[in-house]
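# Architecture and fold: a report
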Amino acid sequence: MPGSPEQFGPEVSDEALMLRYRDGDESAFPEIVRRYKNRLVSTVIRLVGDRDKAEDVVQETFLRVHRNAHRYKTIARFSTWVYTIALNIAKNEIRNTRRRRTTSLWEIGPERGSEGAAFDIPDDAERPDEALERRNLRALLERCIDRLPPKYKTILVLRDVEGLSYEEIADILKLPQGTVKSRMNRARLRFKELLEPLL
Amino acid sequence: MDCHNFRREVGEYPDREIPQKEKLALEGHAAACQSCAAELRVLRAMREGLSSLPPIAASKDFDARLAHRLSAERRVAAGGTLVFPTWARWVAVAAAAAVVLGIGALLLRSDDGARRIRGEVASGAADGSALEVALPGDGAPATETDGARSGASHPAGGADVGEVAAADRGGAIAGRSVLDKFLSEEGVVLGSPTSERSYVIDRPSDLPFLLPGGVEGEAASAPISF
């Protein structure tokens, strides 16, 4: 992709970047990709449970951003728009493949060719037994996410893992905020039921 | 607050947005109930654990793959070559052949019963480089091709030029307009007319069914009629 992502600082908002791309500034696109690819891959991989499929979904998401750039208006936040696209594609992917998974999420490690800190951040001050415990806990959490029903999984990942606000989740999922909150409540309780026997 | 209400509402506790009143009510009940206090601790730990899950990074070749797909998409948008699978090509050829047959039937019917429209590929067109198709109107095949004959390069298009000569005198004008419409709908790129009733086809491959042997370009020994 043409352009150097470094030319855009954090002061340039996502919306401003998208407007620049819409208006023909090709260099804005790599920066959009840089800002969102890991966030989207993280979210989608937890929903579809397969790295290759998740990356395909995210690639298709960026292609749709490119295709629909001329339609972009700053009515909504860019993040809401891009998450909506990604989750719609992911939903179709889940429906179409019926979970013919090849790799379980808790088996995915940094050795799978990912860049940067993929699954684990080493901490120099951490004792080996603590590091092991932390890794085990994360693997358990990932396993429990994977076992949640899709409607709970999506909401739990967006809220508790990605840290999106209820307002944003409601916009993305096209649900009333009250519904999102009550579903979140049920998702957490369900998650707790899955986690407790494993601890 | 009792245990039943506590369990119903405790899922919201990990949220920072929880109203203060609700939060105090939950904490108040937990302070007096050991099992609910344990539940609260699990939920807190769960939330902390989930929020500290590190991002799963994209593969190293993610950008390169995306760039490749993006440039392919841009090529198509710019009118570049779109590669179809073999089955799609054959479906397209079959559909085009059906259209030609339909048009032929239409022309034969509308042409006062006597006029025949016939395509004829001369022997020189076996290599597919130059194509001459004559569409005679009344009587013997006649071509008006400004001297360009099969197998010879046309001055307007070099060796990769095919030519359709519509030598319909008199009453075949209806047939001609149908042919024009068909060619334009098929996306055939027409050059300047070489005579009053002749067209240069810039890309003969647009009409593979006119080429000897179809899309494979095999030599045809017999004239093709349609």
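One structure accompanies this document, and this report is about it. (Residues numbered from 1 in each chain as written. Chains lettered and ligands numbered in written order. Predicted model: local features only at pLDDT ≥ 70, side-chain atom pairs only at ≥ 80, totals over all residues.)

### A few points about the overall build of chain B
Helix and strand counts for chain B come out as 6 helices and 4 strands. Sorting the 226 residues of chain B into buried and exposed places 27% on the buried side. Look at the contacts in chain B between residues 6 or more apart in sequence, and 59% of them connect residues 24 or more apart. (Helix = DSSP H or I, 4+ residues; strand = E, 2+ residues; numbered from the N terminus. Buried ≥ 20, exposed ≤ 12 C-beta atoms within 10 Å, placed from the backbone. Contact = placed C-beta atoms within 7 Å.)

### Considerations on the nonpolar core
The biggest cluster of nonpolar side chains holds 59 residues, and the ones touching the most others in it are I32(A), V41(A), V44(A) and A86(A). No other element matches the 11 residues that helix α2 (residues 28-48) of chain A contributes to this core. Excluding its chain neighbours within four sequence positions, the residues that come into contact with V41(A) are A54(A), E55(A), V58(A), I56(B), A57(B) and A58(B). (Core = buried A, V, L, I, M, F, W, Y, C linked by C-beta atoms within 7 Å.)

### Notes on unusual backbone geometry
Of note in this structure, K174(A) is not a glycine but carries a positive phi near 55°. By the secondary structure assignment, K174(A) is in the loop between α7 (166-173) and α8 (177-195).

### A look at the interface of chain A and chain B
On the chain B side, the residues contacting the 40 residues of chain A number 27 residues. Elements represented by at least two residues in the side of chain A that touches chain B include exactly α2, α3 (51-67), α5 (128-147), α6 (150-161) and α8 of chain A. If one sorts the elements of the side of chain A that touches chain B by residue count, α8(A) sits on top with 9 residues. Considering only residue class, the side of chain A that touches chain B consists of 19 nonpolar, 9 polar and 12 charged. (Nonpolar A, V, L, I, M, F, W, Y, C, P; charged D, E, K, R; others polar.)

### A short note on the environment of L164(A)
Residues and elements named next belong to chain A. Its place among the elements puts L164 in the loop between α6 and α7. A sequence separation of 85 residues divides L164 from S79, and the C-alpha atoms of the two residues are 9.8 Å apart. Beyond its immediate chain neighbours, meaning those up to four positions away, L164 contacts L158, R159 and I169.

### Brief notes about the packing of helix α4 (residues 78-97) of chain A against α7(A)
All names here are of chain A. Axis separation between α4 and α7 bottoms out at 9 Å; the angle between their running directions is 50°. It follows from the interaxial angle that α4 and α7 lie oblique. Between α4 and α7 lies a crossing of right-handed hand. Contacts between α4 and α7 pair T80, Y83, T84 and L87 from the former with E168, D171 and I172 from the latter. Here the residues of the contact of α4 with α7 sort into 3 nonpolar, 2 polar and 2 charged. (Axes fitted to C-alpha atoms, helices over the stretch in contact; angles between N-to-C directions. Parallel < 35°, antiparallel > 145°, perpendicular 65-115°, else oblique. Left-handed = near helix turned anticlockwise from the far one by under 90°.)

### Side note on α3(A)
Between its first and last C-alpha atoms α3(A) spans 24 Å; for 17 residues at 1.5 Å apiece the expected length is 24 Å, and the two agree. All of the buried residues in α3(A) are R51(A), K53(A), A54(A), E55(A), V57(A), V58(A), Q59(A), T61(A), F62(A) and V65(A). If you follow the buried residues of α3(A), they end up packed against α2 and α4 of chain A together with α4 (62-77) of chain B. (Expected span 1.5 Å × (residues − 1).)

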